[in-house]
Amino acid sequence: MQNAESKVIQLSAELAEVKRQLAQSNRPSFANLGARAQQILRSAEAASTDMIAQAKEDEEQRVSAAQAHVKSIVQEAQVQAHQLLESVQIKVSSLFEQSEARAIQIVEEAEPNAQGYY
């Protein structure tokens, strides 16, 4: 019986403490403000950490995409430069051959006239 009475007294004390804490949490006070502010700041810090991580990931994806785009542009420019160089080399070679053929033709045409001068 005494054991039951002591249990009732203990439970009554715990109930009173819970009621006191509940009353404090429902009634704003500067004492509770510190704990609430701390909880809000922790939540804000966690949210900002997540936002920073997401921003870094987005930045890495954008940088990677930009690098791939630049690489593609450089490769295309190299292909075009190579094609242009080949085209110029072919034209120069053709002009050289035409010039050489014309020079030979001029020499051949001038030789009969020049033989009288030797």
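Draft legend 1. Quick peek at the overall build of the protein. If you tally the helices and strands in the protein, you get 2 helices and 0 strands. Here the protein, with 118 residues, has 1% of them falling under the buried criterion. Approximately 10,900 Å² of the protein is accessible, and the part contributed by carbon and sulfur atoms is 60%.

Draft legend 2. Structural detail: a nonpolar patch on the surface. Together, L84, V88 and V92 give the surface a local cluster of nonpolar side chains, amounting to about 270 Å² of exposed area. Locating V92 in the fold gives a position in helix α2 (residues 30-114).

Criteria and cut-off values
Residues numbered from 1 in each chain as written. Predicted model: local features only at pLDDT ≥ 70, side-chain atom pairs only at ≥ 80, totals over all residues. Heavy atoms only, no water. Helix = DSSP H or I, 4+ residues; strand = E, 2+ residues; numbered from the N terminus. Buried < 20%, exposed > 50% of the residue type's maximum accessible area, 1.4 Å probe, protein only. Areas by Shrake-Rupley, 256 points an atom, 1.4 Å probe, with all protein chains shown as cover. Patch = residues over 30% accessible without salt bridge, like charges linked within 9 Å, V, L, I, M, F, W, Y side chains within 5 Å. Salt bridge = Lys/Arg side-chain N within 4 Å of Asp/Glu carboxyl O.

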